[in-house]
Amino acid sequence: MSHRYWLMKSEPDAFGIDDLEVSKNQTTHWEGVRNYQARNFMRDDMKPGDLIFFYHSNANPLAIVGTMKVASEPYPDPSQFDPNSKYFDEKATEENPRWYLVDVKLVEKFDKPVLRDDIKKEESLSDMLLIKRGSRLSIQPVQEHEWNRVMEMAHSA
DNA sequence: GCCAACGTTGGC
DNA sequence: GCCAACGTTGGC
């Protein structure tokens, strides 16, 4: 049973939805994930066309700011091989990569971001990993009903 | 800026 | 393979 909906975090100071909007083809390599669980989601479970919430962490406001879709098959994250990259991993080799990524493409930037505070108030979203205490996963699966509810909140007047 | 929660590393 | 020490995440 594979997931079709995801949530990915990024700090807008490093890379926010406005950066994605101006990227070539509004697409980017989601580089720099160095957590095995998050990597496994990208490497093993994501399929092209899967839909993704873009979440701004360490930001003001904390919010889901739009949607993206998976735009490639998984492939090794090139930054792990680059000694000049802050994501360089000396234990990774071309023959035996450690880190994988997918390309993501912007689908929609919300006119009205869905605030973390509002998600926390929403009974039907109480199981979202995002608001679970201590949850730090930077890539998370999202349930279909959670996806639908957040989309309603984003588009309500 | 603080710090709780979590993941990783490395000595044993 | 345990676990203490350390580094990071990320909300507050």
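In what follows, the accompanying structure is described. (Residues numbered from 1 in each chain as written. Chains lettered and ligands numbered in written order. Predicted model: local features only at pLDDT ≥ 70, side-chain atom pairs only at ≥ 80, totals over all residues. Heavy atoms only, no water.)

1. Thoughts on the overall build of chain A
We count it as follows: By definition, any uninterrupted DSSP run of H or I lasting at least four residues is a helix, any uninterrupted run of E lasting at least two residues is a strand, and each is numbered from the N terminus. For the radius of gyration, the atom set is restricted to C-alpha positions; the globular benchmark scales as 2.2 Å times the number of residues to the power 0.38. Partly exposed describes any residue whose relative accessible area lies between the buried limit of under 20% and the exposed limit of over 50%, with all areas from a 1.4 Å probe on protein chains only and scaled to the type maximum. Contacts are assigned to residue pairs that have any heavy atoms within 4.5 Å of one another.
Counting its regular elements, chain A contains five helices and eight strands. Counted from the first residue to the last, chain A has its helices and strands arranged as β-α-α-β-α-β-β-β-β-β-α-β-α. Compactness check: chain A gives a C-alpha radius of gyration of 16 Å against a globular reference of 15 Å for 157 residues, within 12% of the reference. C-alpha extents for chain A along the principal axes are approximately 50 × 35 × 30 Å. Looking at chain A residue by residue over its 157 residues, the buried ones come to 43%. In chain A, the share of contacts with a sequence separation of at least 24, taken over all contacts with a separation of at least 6, comes to 72%.

2. Comments concerning the protein's contact with DNA strand C
For the record, the criterion: The cutoff for a nearby residue is simple: one of its non-hydrogen atoms must lie within 4 Å of the molecule or strand. Any N or O atom pair separated by 3.5 Å or less is treated as a polar contact, with the protein-specific requirement of one donor-capable and one acceptor-capable atom, and with residues adjacent in sequence counted only for side-chain atom pairs. Only Asp, Glu, Lys and Arg are considered charged in this grouping, and only Ala, Val, Leu, Ile, Met, Phe, Trp, Tyr, Cys and Pro are considered nonpolar; every other residue, Gly among them, is considered polar.
Around DNA strand C sit Lys9, Tyr55, Ser57, Asn58, Leu62, Arg116, Lys120 and Arg136, and those are all the residues in its vicinity. In DNA strand C, atoms within 4 Å of the protein come from the sugar-phosphate backbone in 70% of cases. A distance of 3.0 Å separates a phosphate oxygen of DNA strand C from a polar atom in the side chain of Lys9. A distance of 2.4 Å is found between a phosphate oxygen of DNA strand C and a backbone nitrogen or oxygen belonging to Arg136. Of the residues contributing to the surface near DNA strand C, the split by class is two nonpolar, two polar and four charged.

3. Here's the deal with the environment of Ser10
Relative to the helices and strands, Ser10 resides in strand β1 (residues 5–10). Here Ser10 falls in the buried class, since its relative accessible area comes to 11%. When the C-alpha positions of Ser10 and Ala59 are compared, they lie 9.3 Å apart, and in sequence the two are 49 residues distant. Other than its neighbours up to four places away in sequence, Ser10 contacts Phe15, Trp30, Phe54, Tyr55, His56 and Ser57.

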